[in-house]
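Notes for the structure review
Spelled out from the first residue to the last, the chains are:
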Amino acid sequence: MSQAIETTETKTYNNFIGGEWIASASGEYFENVNPADKTDIVGRFPKSTAEDVDNAVAAAKESAKRWRLTPAPKRAEILFSLGEILRDNKEVYTREMTREMGKVLSEAGGDVQEAIDCTYYTAGEGRRLHGFTTKAEMPNKYAMCERQPVGICGLITPFNFPMAIPSWKLIPALVCGNTVVIKSGEDVPLSTINLVKACEEAGIPKGVVNVVNGFSEPGAALVNHDDVRLISFTGSTDTGRIIAEKCARDNKIVSLEMGGKNAIIVMDDADIDNAVEGSLWGAFGTSGQRCTASSRLIVHKDVYAEFTEKLVEQAKGLKVGNGLDDSTDVGPVINQQAVDKIMGYIEIGKNEDGATLACGGNRLEDGDYGKGFFIEPTIFTDAARDMRVSQEEIFGPVTTVLPVNDLEEAIDVANDVKYGLSSAIYTQDVNEAFHATQELYTGICYVNAATIGAEVHLPFGGTKGTGNGHREAGTQVLDIFSEWKAIYVDYSGKLQKAQIDEVEI
Ligand code: UN1
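Think of each chain on its own: its residues are numbered from 1, step by step along the sequence as written. Only residues with pLDDT of at least 70 are given local features in this predicted model, and only at 80 or more are side-chain atom pairs given and counted; all residues enter the totals for whole chains, interfaces and linings. Each side-chain value is worked out from all heavy atoms of the structure, with water and hydrogens disregarded.

1. Details of the packing of aromatic side chains
Only rings of Phe, Tyr and Trp enter the pairing, Trp through its six-membered ring, and a pair is recorded when the two centres are within 6.5 Å. The plane angle decides the type: under 30 degrees is stacked, over 60 is edge-to-face, the rest tilted. Counted under the stated rule, the structure contains nine aromatic pairs. A ring pair is formed by Phe16 and Trp21, whose centres lie 4.4 Å apart and whose planes are at 35 degrees; its orientation type is tilted. Assessed through its relative accessible area of 26%, Trp21 is described here as partly exposed. Feature note: the residues Tyr13, Phe30, Phe45 and Phe215 constitute an aromatic cluster, connected by ring pairs. Only Lys NZ and Arg CZ are tested; either one counts as a charge over a ring when it is within 6 Å of the ring centre and within 35 degrees of the ring normal. Over the aromatic face of Tyr29 sits the side chain of Arg44, whose NZ or CZ is 4.8 Å from the ring centroid. Between buried and exposed lies partly exposed: a residue is buried under 20% and exposed over 50% of the maximum accessible area for its type, with that area taken using a 1.4 Å probe on protein chains only.

2. A word on the site of the ligand
If even one non-hydrogen atom of a residue comes within 4 Å of a molecule or strand, that residue is called near it. The ligand sits among Glu114, Asn160, Phe161, Ile165, Trp168, Arg290, Cys291, Thr292, Ile452, Gly453, Ala454 and Phe460. Gly453 is positioned such that a nitrogen or oxygen atom in its backbone is 3.0 Å from an oxygen atom of the ligand. Under this definition, polar contacts are N or O atom pairs within 3.5 Å; protein pairs additionally need one hydrogen-donor-capable and one acceptor-capable atom, and for neighbouring residues in sequence, both atoms have to be side-chain atoms. The separation between an oxygen atom of the ligand and a polar main-chain atom of Ala454 is 2.7 Å. Working definition of accessibility: Shrake-Rupley area with a 1.4 Å probe, residue cover restricted to the visible protein chains. A total of 320 Å² of accessible area belongs to the ligand in isolation, and the protein chains cover 99% of it.

3. Observations regarding the sheet that holds strand β21 (residues 444-447)
Note on pairing: two strands pair once DSSP finds at least 2 bridges between them. Runs of E in the DSSP output that reach at least two residues are strands. Runs of H or I that reach at least four are helices, and both are numbered from the N terminus. What the seven strands build is an open sheet, ordered β14-β17-β18-β13-β12-β20-β21; its pairing is mixed. One side of each edge strand has no neighbouring strand; the edge strands of this open sheet are β14 (356-359) and β21. Going from strand to strand, the sheet's axes swing by 20 degrees on average, the running direction of each strand aside. In terms of strand pairing, strand β17 (residues 378-381) meets strand β18 (residues 398-404) through three bridges, oriented parallel. Bridge assignment links Phe380 to a residue of β18, and that residue is Thr400. Contacts: residue pairs with any heavy atoms within 4.5 Å of one another. Here an angle of 0 to 180 degrees is reported between the N-to-C directions of two axes, which are lines fitted to C-alpha atoms, with helices fitted over the stretch in contact. Against the sheet, helix α9 (residues 272-284) contacts β12 (262-266), β13 (294-300), β17, β18 and β20 (422-426), and its axis sits at roughly 170 degrees relative to β12.

4. Points about the side chain of Thr119
Inspection of the secondary structure assignment puts Thr119 in helix α4 (residues 105-123). With near-sequence residues (within four places) excluded, Thr119 lies in contact with Leu79, Leu82, Gly83, Leu86 and Ile171.

5. Describing the domain arrangement of the protein
It is common to give the size of an interface as the accessible area that goes away when the parts come together. Here the limits of each domain have been adopted from an automatic or database domain assignment. Structurally, the protein comprises domain 1 (4-258 + 467-486) and domain 2 (263-447). Distance from the C-alpha centre of domain 1 to the C-alpha centre of domain 2: 31 Å. Counting from both sides, the interface comprises 23 residues of domain 1 and, opposite them, 27 residues of domain 2. Here domain 1 meets domain 2 over a buried area of about 2100 Å², counting both sides, of which 60% is carbon and sulfur. The term salt bridge refers to a pairing of a side-chain nitrogen on Lys or Arg with a carboxyl oxygen on Asp or Glu at a separation within 4 Å. Across the contact surface, domain 1 and domain 2 share one salt bridge. Summed over both partners, the accessible area lost on bringing two parts together, with a 1.4 Å probe, is the buried area.

6. Points about empty space enclosed by the protein
Cavities and pockets are found on a 1 Å grid laid over the protein atoms alone: a cavity is a set of points where a 1.4 Å probe fits but cannot escape, a pocket is an open set with protein on both sides within 12 Å along at least five of seven lines, and a lining residue has an atom within 4 Å of such a point. Grid points are joined across faces, edges and corners, and a volume is the space filled by probe spheres set on the points. The tally for this structure, following the rule as stated, stands at five cavities of 30 Å³ or more. In this structure, the largest cavity occupies an estimated 120 Å³ of space. Residue lining of the largest cavity: Glu114, Asn160, Phe161, Ile165, Trp168, Arg290, Cys291, Thr292, Gly453, Ala454 and Phe460, and that is the complete set. By residue class, the composition of the lining of the largest cavity is six nonpolar, three polar and two charged. Composition of the lining of the largest cavity by domain shows at least three residues from each of domain 1 (4-258 + 467-486) and domain 2 (263-447). Charged residues are taken to be Asp, Glu, Lys and Arg, nonpolar residues to be Ala, Val, Leu, Ile, Met, Phe, Trp, Tyr, Cys and Pro, and polar residues to be all remaining types, Gly included.

What follows is the structure, given as structure tokens:
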């Protein structure tokens with residue numbers, strides 16, 4: 001395992017409010033630590049308060065009219081410049097992301113690429129933002145529909161996709177003509193700051209994009225702020241529920257992306273090597289810290305032994321280490337709290353009647369591993385559907401293998417969780433594949449691929465406990481960040497009463 005970056009002087013970063021980089025009103029800072037090496041301090045970031053949020057919202061309010069009245073194609077032009085800046089700095093952002101978040105360099109590069117893709121794709125909407133026209137009931141009357149911005153948007157982002165997820169929220173919010181306050185993920189503030197610095201450089205006017213860093217205080221202040229019209233949140237189901245309740249009381253628009261317990265079904269006719277490779281990638285990529293992670297592998301009994309043997313053997317060969325080292329397959333998890341939660345679930349799995357710990361199960365602490373938060377790729381085999389490790393989101397490098405007798409049972413097991421983000425099936429049978437895509441009740445479904453790796457031009461989100469019915473990405477995200485306005489133009493020059501007047505034909 002390579003040494004982490006040498007710590008020279010620790011850099012201090014600030015909030016971005018009204019176009020200025022300023023300290024928190026608290027005057028306090030917190031340290032952002034490299035999860036692969038706790039001695040490596042990535043930077044000091046403002047520990048923001050409700051007062052900082054007030055200032056950021058005031059700045060967003062001040063700039064709202066100017067940005068709303070900027071023609072959407074012009075907003076898009078600025079966003080295309082932003083895309084270029086992100087593309088030009090991809091390498092720097094990638095390394096800084098791995099250093100603060102831990103995921104391996106190739107995956108951090110993918111995260112930045114997802115932000116670039118999102119920016120280019122969504123900027124294009126500035127020249128579409130399609131509405132529609134239709135026929136009015138009355139003669140000499142015109143009817144049409146268009147999107148209008150919602151106002152000030154509060155964006156609360158998680159640690160696992162430090163640039164992609166902020167971009168999924170920020171770019172559509174901006175193209176629709178809203179102004180925003182972002183509360184960055186406390187473990188990964190630098191990637192948000194990099195994104196926002198790029199916004200500044202691209203020429204987005206002062207006050208349109210604001211960032212406050214810190215913990216729950218600024219997050220709660222944003223949710224509670226009277227001038228914030230919309231909250232877009234990605235994170236845990238527990239926090240999401242609290243946010244949703246608060247937003248309901250205040251009549252705010254709220255969009256939630258929360259947990260997952262995503263299943264891959266492996267059928268008896270599947271290409272087993274392909275299924276094993278996909279399962280390893282889906283379960284242990286990003287150390288399992290994806291909402292889309294393949295945390296359940298539902299395997300037909302006729303190929304169960306072969307699949308499980310290959311899976312376990314290859315999982316044992318994965319190299320855990322610092323994500324900055326090119327030979328690493330699986331990086332650290334994000335922090336001590338994550339270690340405690342994941343190790344807690346591993347204990348639960350070990351004690352659950354019937355499940356077998358087939359590999360992994362340990363925190364790695366020898367030598368350089370002791371400096372970070374490393375957990376071995378862990379597989380429980382012979383699991384039953386109702387076990388806690390088969391039901392609850394672990395958000396770490398842990399997956400569960402469940403044997404089934406046929407496709408119907410596999411689909412039933414796959415759907416039998418409270419979440420519904422992503423699902424997958426490996427099979428060579430086109431009938432089975434299509435049947436599964438219809439019956440798996442998730443927002444995303446893959447055939448002969450793992451549950452991870454969604455692309456930005458398709459809708460992203462889940463059913464049941466994963467969300468509240470919204471979809472990010474694609475054009476569907478525009479329904480979060482804009483509201484419809486129906487416009488009627490009566491050019492008859494007289495009073496015409498819809499639903500009441502008889503129309504002569
Ligand atoms: C998440 O884990 O919240 O589909 C986002 C994927 C990525 C995004 C994951 N494109 O796995």
